[in-house]
Amino acid sequence: MTWWHAVIIGVAGIWAGTINTVVGSGTLVTFPVLVALGYPPLTATTSNAIGLAPGTISGAIGYRQELAGYWPEVIRMSVASFFGAIGGTILLLSLPKDAFETVVPILVGLAVVLVIVQPKVSKWITRRREANGGEHKIGPLLLFFIFLIGIYGGYFTAAQGVMLVAVMGMLLSESLQRLNGVKNVLSAVVNTIAGLIYAFVAPISWPVVAILAVSSAIGGQLGAKIGRKLSPTVLRGVIVVVGLAAMVQLILK
């Protein structure tokens, strides 16, 4: 790895850590960067999952005030994410490498669409909560959806945060800030479990992991402290542009 590759990956890691904490989908920044620098899609995915795990943990810690008194519920949801992440990693490691490389452009496209519609989802959640004064608590349906999103996150991490906020917003009565904090915890669980499994059985670039781990952790704290002041529109715009560029590159490759 050259020094300028390391700098590019470090900057991407900080940006991804910030975006993951505030909006989600930081993978759509780091994954295309790694592929553009010559890393195979599978290695980019596994290294990315491990490297960004400290960033999601850092973001979750940054949202600890929003989660005060809500940790028993968070733990229940984390169990579903835990088993989903295991399922996703088994899926990734069981399917042929060619199958993953074929489906990656589709997954990136799905993630980009989710990022684009995320503001509308947030507005819909707000309107629904204002119209429905009833209290909605954790139930089997929510845990099932979190489990499925964990499978997706274990297979390909991009936009799992957007999916989590959408599902929890439909089935819970908590504020969006609290849901965002829960999203960070569940994403941290998925990335950590998937990363631990990948570390032993999947192709990994450890220099990439080391750079992303440090830089994404810094980004996670930035996202928790100043990320709320950044324009979500600008953040989403960056994600969409980078994601579309990644789709084109992967299709033409």
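I will try to describe carefully the structure that is included in this document. If you're wondering where the values come from, they're calculated on a predicted model, not measured in any experiment.

So, how was this worked out
- Residues numbered from 1 in each chain as written.
- Predicted model: local features only at pLDDT ≥ 70, side-chain atom pairs only at ≥ 80, totals over all residues.
- Heavy atoms only, no water.
- Helix = DSSP H or I, 4+ residues; strand = E, 2+ residues; numbered from the N terminus.
- Contact = heavy atoms within 4.5 Å.
- Buried < 20%, exposed > 50% of the residue type's maximum accessible area, 1.4 Å probe, protein only.
- Phe/Tyr/Trp six-rings, centres within 6.5 Å; stacked < 30°, edge-to-face > 60°.
- Expected span 1.5 Å × (residues − 1).
- Polar contact = N/O pair within 3.5 Å; in protein donor to acceptor, adjacent residues only side chain to side chain.

Okay, the side chain of Thr 45 next. Locating Thr 45 in the fold gives a position in helix H3 (residues 41-62). If near-sequence neighbours (up to four positions away) are discounted, Thr 45 is found in contact with Phe 31, Leu 92, Phe 100, Tyr 155 and Phe 156.

Position of Gly 51 relative to the elements: it lies in helix H3. The spatial distance from the C-alpha of Gly 51 to the C-alpha of Ser 205 is 9.8 Å, given a sequence separation of 154 residues. Once residues lying within four places of it in the same chain are set aside, the contact partners of Gly 51 are Val 209, Leu 212, Ala 213 and Ser 216.

Further remarks concern the environment of Tyr 152. Within the secondary structure, Tyr 152 is located in helix H6 (residues 140-155). Its relative accessible area of 12% is what places Tyr 152 among the buried residues. Between the alpha carbons of Tyr 152 and Leu 91 there is a distance of 9.4 Å; along the sequence they are 61 residues apart. For Tyr 152, the contacting residues outside a window of four places in its chain are Leu 107, Leu 110, Ala 111, Thr 157, Ala 158, Ala 159, Gln 160 and Met 163.

Pairs of aromatic rings are described using the distance from one ring centre to the other and the angle between the two planes. This structure, assessed with the given rule, holds three aromatic pairs. Considering the side-chain rings of Phe 82 and Phe 83, the 5.1 Å spacing of their centres and the 90 degrees angle between planes classify their relative orientation as edge-to-face. Residue Phe 82 is classed as partly exposed on the basis of its relative accessible area, which comes to 32%. Taking relative accessible area as the criterion, Phe 83 reaches 47% and is therefore assigned partly exposed.

Let us look at the environment of Glu 174. Tracing the backbone shows Glu 174 in the loop between helix H7 (160-171) and helix H8 (176-201). With relative accessibility at 18%, the residue Glu 174 sits in the buried group.

The next thing to look at is H6. Taking 1.5 Å of rise per residue, 16 residues should cover 22 Å, and H6 covers 23 Å from first to last C-alpha, within 8% of that figure. Restricting attention to buried positions, one finds in H6 the residues Leu 142, Ile 146, Ile 149, Gly 150, Tyr 152, Gly 153, Gly 154 and Tyr 155.

Across its 24 residues, helix H4 (residues 71-94) extends 34 Å between first and last C-alpha, which sits within 8% of the 34 Å expected from 1.5 Å per residue. Among the residues of H4, those classed as buried are Val 74, Met 77, Ser 78, Ala 80, Ser 81, Gly 84, Ala 85, Gly 88, Thr 89 and Leu 92.

Its location among the elements puts Lys 183 in helix H8. Judged by relative accessible area, Lys 183 falls into the buried class, the value being 1%. At a separation of 3.1 Å, a polar atom in the side chain of Lys 183 contacts the side chain of Asn 184.

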